[in-house]
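Examining the three-dimensional arrangement
The lines below spell out each chain.
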Amino acid sequence: MQIELKNENNTLTNDVKVTLKSEEGKTLEIFTNNKGIAIFTDLDRKKYSLHIESINIESINDEIVINKFSTKKIYITESLINNLQEVVVTAKESKGLTSVSIIDERAMQHLQPSSFTDLLELLPGGKAKDPIFNQTNSIKLRETGIRDGSNNYSTSSLGTSFIVDNIPKNVNSNLQFTEGTSLSINQGNSTGYSDAKRNSVPKGVDMRSISTDQIERVEIIRGIPSVEYGDLTSGVVKIIRKKTPSNLEARFKADAYSKLYYLGKGIGIENKKINLNFGIDFLDAKPDPRNDLENYKRITASMRAYKTWDNSFSTLDWNLNLDYTGSIDNEKTDPDNSYSLIDKYKSSYNDFNISSILDWNFKESKFLKSINFYSSISQQFDQINQTKLVQLTSATAVPNSVKEGEAYGTFLEPKYISHLLVDGKPLDLYLKLIGNFDWKWSNLRAGLEWKYSKNNGKGQVYDPLRPPSPEMYSRNRSYKSIPAIQDFSLFAETNKKFKIEKHQFEILAGIRSITSPGISDKYYLKNKYYFDPRVNVQWKLPNIYINNNPLKIDVTAGYGVHTKLPTLSMLYPENSYLDFVQFNYYHDNPAYRRIYLKTYITDITNYNLAAAINKKWEVRTDLEYKEINFSLTFFKEKMNSGFRNMTDYRLFTYKKFSVEGIDHTTITEAPSVENLSYTNQSLLETFKKQDNGSTIDKTGIEFQISTKRYSEINTRLTLNGAWFKTKYTNSLPIYMRNDNIVINGKPTPYLGLYLNDDGFLNETLNTNLMADTYIPVLDLEFSTSVQIMWFSSSKNIKKNGTPIAYVDQNGIQHSYEDADKTDANLKWLNLSYNENAFKKIKTPFEMNINFKASKVFYKSFHVSMFVNRLLNYYKEYEFEGQKIGRKSLTSPYFGMELNIKL
């Protein structure tokens, strides 16, 4: 039996619950798909009562008699549309098997976003923030985040999977970063590193690049997702774009930081059951409206075709998507305020993607119910162009040797202009096949997934005689020479619903296996299979009636393991080159100058690098009474194997040649080291390598309360918030040298091995109360939100300064004993720290009031405006006897937009 909902614009018909109930009490529930269709199979030929309910329409009750497979069409007329309840301008919490925030098109329209980053305000624990367009925008789910500026804890954002129309965005082959000392555009400003703040290599998806204008709905899975989704640690962001016919629509938004333009149209060819959707948008943004020398531009374009074939045997839906995303980051110096008159930085990103989504549903099949096949190919053309003025303070050798050993070198020019090109061409392929089966006792969903990532770019390209930095630890390397990486997964899960008297239960349990085929035998990942078991259980209690109104109670719990494999940059890092100057003779006559080097090449590849694994569980309670919904979730997550740079060591030996035998006044040619005396030197040096050394421990509570829209005042109240406590530490010991210690006039040659080198414990509690009002007669809606950060605190975790081992000047490691604490040379390795460095810093109450409003004119023109921090209050507090005032830290941020539908 097929139930098909239709209305004038083919809207309000998807995700509608359709219930069939037999005379014996057997109940079947199905939600309609994006075409408004719900298909029931294996129905007995008898009479059923039909019940249709949605927040957007009035409930529909009817009776049907099943004689054979047929289609019943139900038209949602204007009288059935519940306009007042239809308007939801914040995220809705799903009552399903895991914690999901659902953000629909109406909520996005009210929010007036410029990029996907703005949508995170609607999540529990989220708050309104001014856009930052001159740096990577990484997602953080259920955590406080840190401000140490490193990438040591970026596995959370890297492990959040963004899925657009069932196709994941693959960032595993991104290698766009610059080598050498970072270009500092803002002189004297440590935050002005052009590439460091824009580099997204270890951080996952840059949310600046995702436009919201062609999105129909967003589902952000914060809990335990289905095993269908893998190669992740933190969560899933599912983006569903528009597929239905629509009027020509245009959007123009302007605020203090950006201007945005959008044009889109959906075309329906009803007799051929074809939908075509087109969209293009352009964003021109500046991090500082007063600064024309730094900007960010983004353009996205999409053409999507949807075709359906329907017969008595099956329904076949096919989507073909052609997408383009391009962005440009520009930054250069102000010639009136800088000595580096020609410094500039430009990063461009161009992504061309073709994807196909095939859904084949079988109407009569008893076992195989449907097949889903997803495929895509993505080709990117990315470039960083950097120009930098380099000025040296001493005679320095050109770092261009590509062979290990001793050799004469070349002097760098005292002053030169360096041009750097970073050319990346990531190629990503994706295939996924899923089968849905009906067993007598449950539903089974099983499939396989394959990802391929390769970068065919030229890599870091520059003149070796004019490197971007005189302290280069790498050499020109073609990205094309780096092998491809693959991820292959198998998964299966079962879904079972059953009742025990009046108690209803639902279980979703599955397992996923992931491996990296084709990798070299040198790697630990060779033939390594990771298994991710996940289970979610929901218990629907019998209704409790209070004043003849039912109180509905659901209790949901889940546990899951989530695995993220290393990326291309982690598995195939560039070798580290270290040049020791053994002889440096600088003469007034350039012909007599001579420099002699010894070059060491260190392979910093960690062949023992493993996947990052996050284990999490959650318990959630959902209550509903008289259309008032309440959700409370407690969660716990722990990842001990996050990716980060750790230290290793190597003993280097080299010579120091003496210049005493050279007569500088009578020399007639450059001196040769073969005739000079020397002394042997050794140095114990550390270097960085990728390892599984980060721990991220998350604990928190999320909640949301939403009322119905009260008809007397046309207003709905929504209160959400979260308490997050996040602990960041390194889980592996680290080698360190105390450079402040001098022994016999030289820096200490010993290295200490310490259990930790950093750690942070952060805690926040915030709430967001929104009152949104919708007046249909005036086509007017407005909302006021009161966002309160009740407190936020941060604390450096106390360090144990006593090493567990040390490395001597010969490179041999020894355990560190109590007797070493009094040894003249080794006692300095026992570090002491100022207790003030580990004090908790607690920031008290702060409140911001935001206002948004929109009005429809002549049914086609939708004018909106917003003001964030219209009113605010930041409480003063004391820290170490100093009163901290924060009145001047904030100012209102406002903008407006115009939407046109013709």
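Residues numbered from 1 in each chain as written. Predicted model: local features only at pLDDT ≥ 70, side-chain atom pairs only at ≥ 80, totals over all residues. Heavy atoms only, no water.

**Notes on the overall build of the protein**
- For the protein, the helix and strand inventory stands at five helices and 51 strands.
- The C-alpha atoms of the protein give 31 Å as radius of gyration, which agrees with the globular expectation for 902 residues (29 Å, within 12%).
- Referenced to the eigenvectors of the C-alpha coordinate spread, the extents of the protein come out at roughly 110 × 60 × 60 Å.
- With 902 residues in all, the protein has 51% of them scored as buried.
- Put simply, 71% of the contacts in the protein that link residues at least 6 apart link residues at least 24 apart.
- Carbon and sulfur atoms make up 54% of the accessible area of the protein, which totals about 41700 Å².
- Averaged over its 114 positive side-chain charges, the protein has a centre that lies 3 Å from the centre of its 104 negative ones. (Helix = DSSP H or I, 4+ residues; strand = E, 2+ residues; numbered from the N terminus. Rg over C-alpha atoms; globule rule 2.2 N^0.38 Å. Buried < 20%, exposed > 50% of the residue type's maximum accessible area, 1.4 Å probe, protein only. Contact = heavy atoms within 4.5 Å. Areas by Shrake-Rupley, 256 points an atom, 1.4 Å probe, with all protein chains shown as cover. Lys, Arg positive; Asp, Glu negative; His and termini not counted. Charge placed at Lys NZ, Arg CZ, Asp CG, Glu CD.)

**Digging into the side chain of Lys564**
- Along the polypeptide, Lys564 turns up in strand 31 (residues 549-564).
- Of note is the side chain of Lys564, whose polar atom sits 2.9 Å from the side chain of Asn172.
- Setting aside residues up to four positions removed in sequence, Lys564 forms contacts with Leu158, Asn172, Asp231, Leu232, Thr233, Ala611, Ala612 and Phe643. (Polar contact = N/O pair within 3.5 Å; in protein donor to acceptor, adjacent residues only side chain to side chain.)

**Overview of the sheet that holds strand 44 (residues 805-807)**
- In spatial order, the strands read 38-41-44-45; together these four strands make up an open sheet with antiparallel pairing. Strand pairing shows two members of the sheet lacking a second neighbour, strand 38 (734-736) and strand 45 (813-815), which therefore form its edges. Strand-to-strand twist of the sheet, defined as the mean angle between neighbouring strand axes without regard to direction, takes the value 30°.
- Across three bridges, strand 44 lies against strand 45 in antiparallel orientation. Bridge pairing in strand 45 places Val807 opposite Gln813. (Pairing = 2+ DSSP bridges. Axes fitted to C-alpha atoms, helices over the stretch in contact; angles between N-to-C directions.)

**Comments concerning empty space enclosed by the protein**
- Following the criterion strictly, the structure yields nine cavities of 30 Å³ or more and no others.
- Of the pockets and cavities examined, the second largest cavity occupies roughly 130 Å³.
- Taken together, 16 residues form the lining of the second largest cavity, with Leu158, Thr160, Ser161, Lys169 and Lys564 sitting closest to its centre.
- Top contributing element to the lining of the second largest cavity by residue count: strand 10 (residues 160-164), with three residues.
- Considering only residue class, the lining of the second largest cavity consists of five nonpolar, seven polar and four charged. (1 Å grid on protein atoms, 1.4 Å probe; cavity = no way out; pocket = protein on both sides within 12 Å on 5 of 7 lines; lining within 4 Å. Points joined across faces, edges and corners; volume = space filled by probe spheres on them. Nonpolar A, V, L, I, M, F, W, Y, C, P; charged D, E, K, R; others polar.)

**Thoughts on the pairing of strand 25 (residues 443-455)**
- Of the strand pairs in this sheet, strand 24 (residues 426-438) and strand 25 are connected by 13 bridges, and their pairing is antiparallel. From the neighbouring strand, Leu431 faces strand 25, where its bridge partner is Trp450.
- Connecting strand 24 to the next strand, strand 25, in antiparallel fashion are four residues.

**Examining the nonpolar core**
- Residues Tyr530, Leu571 and Tyr572 are the most contacted members of the largest nonpolar core, which totals 31 residues.
- Counting residues per element, the ones that place at least two in this core are strand 23 (415-424), helix 5 (568-571) and strand 35 (628-657).
- Sorting elements by how many residues they give to this core places helix 5 first, with three residues.
- In this view, Leu571 contacts Ile485, Ile519, Tyr523, Leu525, Pro566, Thr605 and Leu609; residues no more than four positions away in its chain are not counted.
- Among the nonpolar cores identified, the runner-up in size contains 22 residues, and Leu119, Ile139, Phe162 and Ile239 belong to it. (Core = buried A, V, L, I, M, F, W, Y, C linked by side-chain atoms within 4.5 Å.)

**What about a positive patch on the surface?**
- On the surface, Lys638, Lys725, Lys727, Lys795, Lys840 and Lys842 cluster together into a patch of positive charge.
- Along the chain, Lys842 turns up in strand 46 (residues 841-843).
- The class of Lys842 is partly exposed, set by a relative accessible area of 49%. (Patch = residues over 30% accessible without salt bridge, like charges linked within 9 Å, V, L, I, M, F, W, Y side chains within 5 Å. Salt bridge = Lys/Arg side-chain N within 4 Å of Asp/Glu carboxyl O.)

**A word on the packing of aromatic side chains**
- In the structure shown here, the tally under the stated rule is 34 aromatic pairs.
- An angle of 70° between the planes, with centres 5.7 Å apart, marks the rings of Phe116 and Phe162 as edge-to-face. Separated by 46 residues along the polypeptide, Phe116 in the loop between helix 2 (105-111) and helix 3 (155-158) and Phe162 in strand 10 bring together distant segments of the chain. The pair Phe116 / Phe162 is uniform in exposure class, with both members buried.
- One Lys or Arg, Arg106, reaches over the ring of Tyr774 and ends 5.5 Å from the middle of that ring. (Phe/Tyr/Trp six-rings, centres within 6.5 Å; stacked < 30°, edge-to-face > 60°. Lys NZ or Arg CZ within 6 Å of the ring centre and 35° of its normal.)

**A short note on the sheet that holds strand 9 (residues 100-104)**
- Pairing is mixed in the open sheet, where six strands are placed in the order 8-9-12-13-10-11. Of all the strands in the sheet, the pair left with one neighbour each is strand 8 (92-93) and strand 11 (167-168).
- Bridge analysis of strand 10 against strand 11 gives two bridges, and the strand direction is antiparallel. Residue pairing across strands places Val164 opposite Ile167, the latter belonging to strand 11.

**Here we look at unusual backbone geometry**
- Even without being glycine, Asp165 reaches a positive phi, approximately 50°.
- With a relative accessible area of 7%, Asp165 lands in the buried category.
- Phi is positive for Asn547, close to 55°, though the residue is something other than glycine.
- Along the chain, Asn547 falls in the loop between strand 30 (544-546) and strand 31.

**Some thoughts on the confidence of the model for the protein**
- In the predicted model, the protein carries a mean pLDDT of 87, and 93% of its residues have values of at least 70.
- Considering only residues more than four positions removed or in separate chains, one finds that residues 78-85, a stretch of pLDDT under 50, has 27 contacts.
- Considering only residues more than four positions removed or in separate chains, one finds that residues 181-192, a stretch of pLDDT under 50, has 31 contacts. (pLDDT = per-residue confidence, 0-100.)

**Some words on the environment of Phe791**
- Note that Phe791 resides in strand 43 (residues 780-796).
- Taking relative accessible area as the criterion, Phe791 reaches 18% and is therefore assigned buried.
- Taking the C-alpha atoms as reference points, Phe791 and Val402, separated by 389 residues in sequence, lie 54 Å from one another.
- Each residue touching Phe791, except ones within four places of it in the same chain, is listed here: Trp723, Glu763, Thr764, Leu765, Lys842, Thr843 and Pro844.

**Topic: a nonpolar patch on the surface**
- Taken together, the side chains of Val535, Val537, Tyr559, Trp617, Val619, Leu632, Phe634 and Ile701 present a nonpolar region at the surface, about 570 Å² in accessible area.
- Looking at the nonpolar patch, the elements with two or more residues in it are strand 29 (530-540), strand 34 (612-625) and strand 35.
- Tracing the backbone shows Trp617 in strand 34.

**Looking at the pattern of salt bridges**
- As enumerated under the stated definition, the model contains 54 salt bridges in all.
- Between Glu637 and Lys616 there is a salt bridge, with the nearest N and O atoms lying 4.0 Å from each other. In this pair, Glu637 is assigned in strand 35 and Lys616 in strand 34, connecting sequence segments 21 residues apart.
- Here the residues in one salt-bridge network are Glu93, Arg142, Glu143, Arg222, Lys616, Glu618, Glu637, Lys698 and Glu702, joined through shared partners.

**A short note on the environment of Ser815**
- As for its placement among the helices and strands, Ser815 is situated in strand 45.
- Given a relative accessible area of 43%, Ser815 falls into the partly exposed group.
- Separated by 12 residues in sequence, Ser815 and Pro803 have C-alpha atoms that sit 8.6 Å apart.
- In contact with Ser815, not counting residues within four places along its chain, are Ile804, Ala805, Tyr806 and Asp820.
- At 2.7 Å, the side chain of Ser815 and the side chain of Glu817 are in polar contact.

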